[in-house]
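# Summary of structural features
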Amino acid sequence: MNYQPPYTITSKIVHLVAEIGEIIGHYTSGSDRDLTPRLRRKNRIRTIQASLAIENNTLSLEQVTAVLEGKRVLGLPREIQEVRNAFAAYDALTGWNPVTEKDLLAAHALLMQTLINEPGQYRSGGVGIFRGEQLVHMAPSADRVPMLIADLLKWLERTDEHPLIACCIFHYEFEFIHPFADGNGRMGRLWQTLVLFQWKPLLAYLPVETVIRDRQEEYYKVLALADQKGEATIFIEFMLRALRDTLLDTMETDQVKMLVKLFGEGELSSGELMHKLGLSHRPTFRKNYLSPALEGAWVECTQPDSPRSPTQRYRLTRKGKRWLNRQK
């Protein structure tokens, strides 16, 4: 009998999936709608720092960047090794198949090399998850782990659920099983990213971990509530909100945010935008403000066929309006 994880598809889940799909559509529409290599690297560093911070790694974003650039960093050797391992794992992510156990174990081996005694192997003993001195989750016994993971991977392979929903279900079920002695949280987040990448390659560089880190207490609370209810629904809703909010917040520069905040429902010329920003140097305005906003589909031209027209004006896209409304 095929395993079926317990969950319910709510109207909230349906609406979030539709909203995320619409946002992604704005990113991927047109020939130039992709993240630049610089922004991909920036988001990857943010992902690694946030995912490790959730696991109590104390290195800052600047320190993580320095480690990845091969610079000397003053920090605990274990934390520095965690950064190196995480970068290697995310760098290898696109070569793995999310429904293959061999790749799952290889990913854990890479992520946890030199950090634990048996990287890439399932745990051999029982494990409980504590918050302070309180036991919040007792994972299934070690002898059941191989079977449970096999069932979960088979479900992921055959499910007809939307990948946005399937990745959240897998994430929750994986954390419930807790198959490894250590590294389960970062593995669950890594594998969710892999499932998303298989659906939309752009999402391999979405730093959703930053939102989870900022909502860490809620993250653990939702996991505990899902355990109590015996189904993943509440966790799916939480993760979809995190994915949506990460997409909306992923802008290349603070300058882009400043530019978007200048708009209302109307249209503005480049001269009006520069005046509102207090800028007089047009090349700086175009390079640091206008071009990234256009490339990220936050702002659009009123005359797209004549981008250099002297009567050209600019307005917010639906994505830009949605983000702006959330700031009010």
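It should be noted that the structure appears before, not after, this text.
Note that this is a predicted model, so its numbers are computed, not measured. (Residues numbered from 1 in each chain as written. Predicted model: local features only at pLDDT ≥ 70, side-chain atom pairs only at ≥ 80, totals over all residues. Heavy atoms only, no water.)

Of the regular secondary structure elements, the protein chain holds 15 helices and 5 strands. For 328 residues, the compact-globule estimate of 2.2 N^0.38 gives 20 Å, and the C-alpha radius of gyration of the protein chain, at 22 Å, lies within 12% of that figure. Dimensions of the protein chain, computed from the C-alpha atoms along their principal axes, are close to 70 × 50 × 35 Å. Per-residue burial for the protein chain yields a buried fraction of 51% across its 328 residues. Sequence-distant contacts in the protein chain: of pairs separated by 6 or more residues, those separated by 24 or more amount to 65%. (Helix = DSSP H or I, 4+ residues; strand = E, 2+ residues; numbered from the N terminus. Rg over C-alpha atoms; globule rule 2.2 N^0.38 Å. Buried < 20%, exposed > 50% of the residue type's maximum accessible area, 1.4 Å probe, protein only. Contact = heavy atoms within 4.5 Å.)

In spatial order, the strands read S3-S5-S4; together these 3 strands make up an open sheet with antiparallel pairing. Only two strands of the sheet have a single neighbouring strand rather than two, namely strand S3 (268–269) and strand S4 (299–301). Judged from the 3 bridges that link them, S4 and strand S5 (residues 313–316) form a sheet pairing that is antiparallel. Opposite Val-299, over in S5, you have Leu-316 as the bridge partner. (Pairing = 2+ DSSP bridges.)

Right, let's get into the side chain of Thr-159. Take Thr-159: it is sitting in the loop between helix H6 (145–158) and helix H7 (163–177). Residue classification places Thr-159 among the buried residues on the basis of a relative accessible area of 18%. Among the polar contacts listed, one links the side chain of Thr-159 to the backbone nitrogen of Glu-161, at a separation of 3.1 Å. (Polar contact = N/O pair within 3.5 Å; in protein donor to acceptor, adjacent residues only side chain to side chain.)

In this section: helix H5 (residues 101–111). Residue pairs spaced three or four apart in an α-helix point in one direction, given the helix's 3.6 residues per turn. Buried residues of H5: Asp-103, Leu-104, Ala-107, His-108 and Leu-111, and no others. An end-on view of H5 places all buried positions within 140° of arc, on one side of the element. The secondary structure elements touched by the buried residues of H5 are helix H4 (77–92), H6, H7 and helix H8 (184–199). (Arc of directions from axis to C-beta.)

What follows covers the environment of Pro-207. Within the fold, Pro-207 resides in the loop between H8 and helix H9 (208–214). By relative accessible area, which is 0% here, Pro-207 ends up buried. Taking the C-alpha atoms as reference, Pro-207 lies 8.5 Å from Ile-45; in sequence the two are 162 residues apart.

Our next topic: the packing of aromatic side chains. Here the structure, examined in full by the defined rule, presents 11 aromatic pairs. With a centroid separation of 5.9 Å and 45° between ring planes, the pair formed by Tyr-172 and Phe-235 is classed as tilted. Remark: Phe-235 occurs in helix H11 (residues 233–249) and Tyr-172 occurs in helix H7; sequence separation between them is 63 residues. Residues Tyr-172 and Phe-235 agree in their burial class; the two are buried. The interplanar angle of 50° and the centroid separation of 5.4 Å between the aromatic rings of Tyr-219 and Tyr-220 together place this pair among those described as tilted. Judged by relative accessible area, Tyr-220 falls into the buried class, the value being 18%. Taken together, the aromatic side chains of Tyr-172, Phe-176, Tyr-219, Tyr-220, Phe-235 and Phe-238 make up a single cluster linked through ring pairs. One Lys or Arg, Lys-200, reaches over the ring of Trp-199 and ends 5.5 Å from the middle of that ring. Positioned over the ring face of Trp-298 is Lys-319, at 4.1 Å from the centre of the ring. (Phe/Tyr/Trp six-rings, centres within 6.5 Å; stacked < 30°, edge-to-face > 60°. Lys NZ or Arg CZ within 6 Å of the ring centre and 35° of its normal.)

One can describe the packing of H7 onto H11 by two numbers: an axis separation of 9 Å at closest approach and a directional angle of 120°. Regarding the angle of H7 to H11, the classification is oblique. Viewed along their axes, H7 and H11 form a crossing whose handedness is right-handed. When H7 is examined against H11, the residues Leu-164, Ile-165, Cys-168, Ile-169, His-171 and Tyr-172 are found in contact with a partner set consisting of Phe-235, Ile-236, Met-239, Leu-240 and Leu-243. Across the contact of H7 with H11, the residue classes break down as 10 nonpolar, 1 polar and no charged. (Axes fitted to C-alpha atoms, helices over the stretch in contact; angles between N-to-C directions. Parallel < 35°, antiparallel > 145°, perpendicular 65-115°, else oblique. Left-handed = near helix turned anticlockwise from the far one by under 90°. Nonpolar A, V, L, I, M, F, W, Y, C, P; charged D, E, K, R; others polar.)

Evaluated as defined, the whole model comprises 15 salt bridges. Glu-19 is the partner of Arg-322 in a salt bridge, and the nearest nitrogen-oxygen pair spans 3.5 Å. Linking Arg-322 in helix H15 (residues 318–326) with Glu-19 in helix H1 (residues 11–28), this pair joins segments that are 303 residues apart in sequence. Under the relative-accessibility criterion, Arg-322 is labelled buried at 16%. Where Asp-103 meets Lys-102, a salt bridge forms, and the shortest distance between an N and an O atom there is 3.4 Å. Taking the relative accessible area as the measure of exposure, Asp-103 reaches 10% and is therefore buried. In this structure, a network of salt bridges that share partners links the residues Glu-19, Arg-215, Arg-244, Asp-245 and Arg-322. (Salt bridge = Lys/Arg side-chain N within 4 Å of Asp/Glu carboxyl O.)

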